[in-house]
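Here is what each chain is made of, one letter per residue.
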Amino acid sequence: QDAGFWPLSASRALTLWLAFDDVDASNAAVTFVAGSHRLGRLQWQRTSSTHHLLTQEIPDVDLLGPRVPAALRAGEASVHSDLTVHGSAGNA
């Protein structure tokens, strides 16, 4: 959820993710948790890993719903609510 990082009192924003390269499940495409925008703001916890760019994560994200990877070609974009739970694996 991006909403927790932005200084807005209510959820009123969208996120646009632009693919610079072709992406799919094999190379760290953004993955969304289906329907998670309807859950409202979720509690975060600090990550224990030193290899994360972000220092917080949503616990038990696997229990929130099915994950849907966004396969995009270079130059394509996806738009999602700032309440949508999303992430990606690291690039190797």
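The rules behind these values
Residues numbered from 1 in each chain as written. Predicted model: local features only at pLDDT ≥ 70, side-chain atom pairs only at ≥ 80, totals over all residues. Heavy atoms only, no water. Helix = DSSP H or I, 4+ residues; strand = E, 2+ residues; numbered from the N terminus. Buried < 20%, exposed > 50% of the residue type's maximum accessible area, 1.4 Å probe, protein only. Areas by Shrake-Rupley, 256 points an atom, 1.4 Å probe, with all protein chains shown as cover. Contact = heavy atoms within 4.5 Å. Pairing = 2+ DSSP bridges. Patch = residues over 30% accessible without salt bridge, like charges linked within 9 Å, V, L, I, M, F, W, Y side chains within 5 Å. Salt bridge = Lys/Arg side-chain N within 4 Å of Asp/Glu carboxyl O. pLDDT = per-residue confidence, 0-100.

1. A short note on the overall build of the protein chain
Check the secondary structure of the protein chain and you find zero helices and seven strands. Listing each helix as α and each strand as β along the protein chain from the N terminus yields β-β-β-β-β-β-β. Here the protein chain holds 92 residues, and 26% of them are scored as buried. Total accessible area on the protein chain is roughly 6,500 Å²; 54% of this is exposed by carbon and sulfur atoms.

2. Some remarks on the side chain of Ser78
One can find Ser78 in strand β6 (residues 77–81). Residue class for Ser78 comes out buried when judged on its relative accessible area of 12%. Those residues within four positions of Ser78 in sequence are excluded, and the remaining contacts are Thr15, Leu16, Trp17, Phe32 and Leu72.

3. Some words on the sheet that holds strand β5 (residues 67–69)
Taken together, three strands build an open sheet; the order of strands is β5-β2-β7 and the sheet is antiparallel. Sheet topology places β5 and β7 (86–87) at the edges, where each strand pairs with a single neighbour. Judged from the three bridges that link them, strand β2 (residues 31–33) and β5 form a sheet pairing that is antiparallel. Paired with Val33 across the two strands is Arg67, which belongs to β5.

4. Quick look at the environment of Asp2
Examined against the element boundaries, Asp2 turns out to sit in the segment before β1 (14–18). Along the backbone, Asp2 and Asp82 are 80 residues apart, and their C-alpha atoms lie at a distance of 4.9 Å. Beyond its immediate sequence surroundings of up to four residues, Asp2 is in contact with Thr15, His80, Asp82 and His86.

5. Some details on a nonpolar patch on the surface
A cluster of nonpolar side chains, Leu14, Leu16, Leu18, Phe20 and Val79, forms an exposed patch at the surface whose accessible area comes to about 570 Å². For the nonpolar patch, the element with the most residues is β1, which contributes three residues. Take Leu16: it is sitting in strand β1. The class of Leu16 is exposed, set by a relative accessible area of 56%.

6. Considering the confidence of the model for the protein chain
Mean pLDDT over the protein chain works out to 82, with 85% of the residues at or above the 70 mark. Looking at the elements of the protein chain, mean pLDDT is at its lowest for strand β4 (residues 56–57), recorded as 73, and at its highest for β6, recorded as 92.

7. Overview of the environment of Ala34
Of note, Ala34 is situated in the loop between β2 and β3 (45–46). Along the chain, Ala34 and Val68 lie 34 residues apart, while their C-alpha atoms are 6.5 Å from each other. Beyond its immediate chain neighbours, meaning those up to four positions away, Ala34 contacts Pro66 and Val68.

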